[in-house]
Amino acid sequence: MQQPLRIAVFASGNGSNFQALADAVQAGELDATIELLVCDKPKAKVVERAKLAGVEPFIFEPKRYASREVYEAEILQRLTEKKVDLIVLAGYMRIITDTLVTPYYGRMINIHPSLLPAFPGVNAIRQAMELGVKLTGVTVHFVDGGMDTGPIIAQRAVEIEEEATEASVTESIHAVEMKLYPQVVQWIAKGQVQLVERKVQIIHS
Ligand SMILES: Nc1nc2c(c(=O)[nH]1)N[C@@H](CN(C=O)c1ccc(C(=O)N[C@@H](CCC(=O)O)C(=O)O)cc1)CN2
Ligand SMILES: NCC(=O)N[C@@H]1O[C@H](COP(=O)([O-])[O-])[C@@H](O)[C@H]1O
């Protein structure tokens, strides 16, 4: 009997993706345990969601640390104590340094609200709307030292209708994310995701 995947979710905001993962675990649809929520914003709604879900929070304030590397070293210690297998970035709005990328390369993923490599970084939906693209979407990728440059695991397209607004596109993208992210984490939990150099192969049973 395979042990559940031990994951840590990193988030900075509302936490709808965290909630989708926690709900999937609760519903028996995700063979994982959420061992830790790491959050850089003490007042973020995701902290409340974690408490309601019984997930231990590790909340930190970057400005209280000498550097990114210092707070990431403290986070790494907690991840090691918790024997975390996979880091899941879910709206975590901090650039991650090699302090975490090096030990967790191939075991750290991110969800991004565009079809990378288009529109990396923050405000991806606004970037897409301002450029007038007709198709955007969602990308789940492994995290490397670059910004949204890691090997792509899965993508889903979202059409931008004529009368669409940033709010309506955000709603459509969130709906896709909340379905896709738990699916991808379950593929990883079942050993169905293989990273070969910079290409990702999904083994569908
Ligand atoms: N090494 C990596 N770190 C992160 C990645 C990644 O692919 N590689 N993805 C991001 C998520 N992200 C966009 O997808 C992103 C998050 C944050 C920023 C950013 O500039 N953050 C500022 C602080 C913003 C704030 O004060 O709230 C910063 O870190 O100085 C850009 C892109 C997660 N990390
Ligand atoms: N650059 C990363 C980025 O923009 N991530 C995006 O932040 C949102 C978090 O929502 P949530 O807090 O409700 O899960 C999600 O849409 C995610 O794709």
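Look above for the structure.
Quantities reported herein were computed from a predicted structural model and do not represent experimental measurements.

*Asks:* Account for the overall build of the chain, naming residues and giving values.
*Replies:* Secondary structure summary: the chain contains six helices and nine strands in total. Its C-alpha atoms give the chain a radius of gyration of 16 Å, within 12% of the compact-globule value 17 Å for 205 residues. Expressed along its principal axes, the backbone C-alpha trace of the chain runs to roughly 50 × 45 × 35 Å. Considering the chain as a whole, with its 205 residues, one finds that 44% of them fall into the buried category.

*Asks:* Talk me through helix 1 (residues 16-26); I want residue IDs and the actual numbers.
*Replies:* Since the α-helix advances by 3.6 residues per turn, residues separated by three or four positions end up pointing in the same direction. Turning to helix 1, its buried residues are Ser16, Asn17, Phe18, Ala20, Leu21, Ala22 and Ala24. Here the buried face of helix 1 lies against strand 1 (5-11), strand 2 (32-39), helix 2 (45-53), strand 4 (86-89), strand 5 (108-112) and helix 6 (166-189). Trailing helix 1 by a residue or two, Gly28 shows a phi angle of about 75°, which is positive.

*Asks:* Describe the sheet that holds strand 2, and please don't skip the residues or the numbers.
*Replies:* The seven strands lie next to each other as 3-2-1-4-5-6-7, forming an open sheet whose pairing is mixed. In this open sheet, the two strands that pair with only one neighbour each are strand 3 (57-59) and strand 7 (152-159). When strand polarity is set aside, the average angle formed by the axes of neighbouring strands in this sheet is 20°. Bridge count between strand 4 and strand 5: three bridges; the pairing is parallel. Bridge assignment links Val88 to a residue of strand 5, and that residue is Ile109. This element, helix 2, spans strand 1, strand 2 and strand 3 of the sheet and lies at about 145° to strand 2.

What counts and how
Residues numbered from 1 in each chain as written. Chains lettered and ligands numbered in written order. Predicted model: local features only at pLDDT ≥ 70, side-chain atom pairs only at ≥ 80, totals over all residues. Heavy atoms only, no water. Helix = DSSP H or I, 4+ residues; strand = E, 2+ residues; numbered from the N terminus. Rg over C-alpha atoms; globule rule 2.2 N^0.38 Å. Buried < 20%, exposed > 50% of the residue type's maximum accessible area, 1.4 Å probe, protein only. Contact = heavy atoms within 4.5 Å. Pairing = 2+ DSSP bridges. Axes fitted to C-alpha atoms, helices over the stretch in contact; angles between N-to-C directions.

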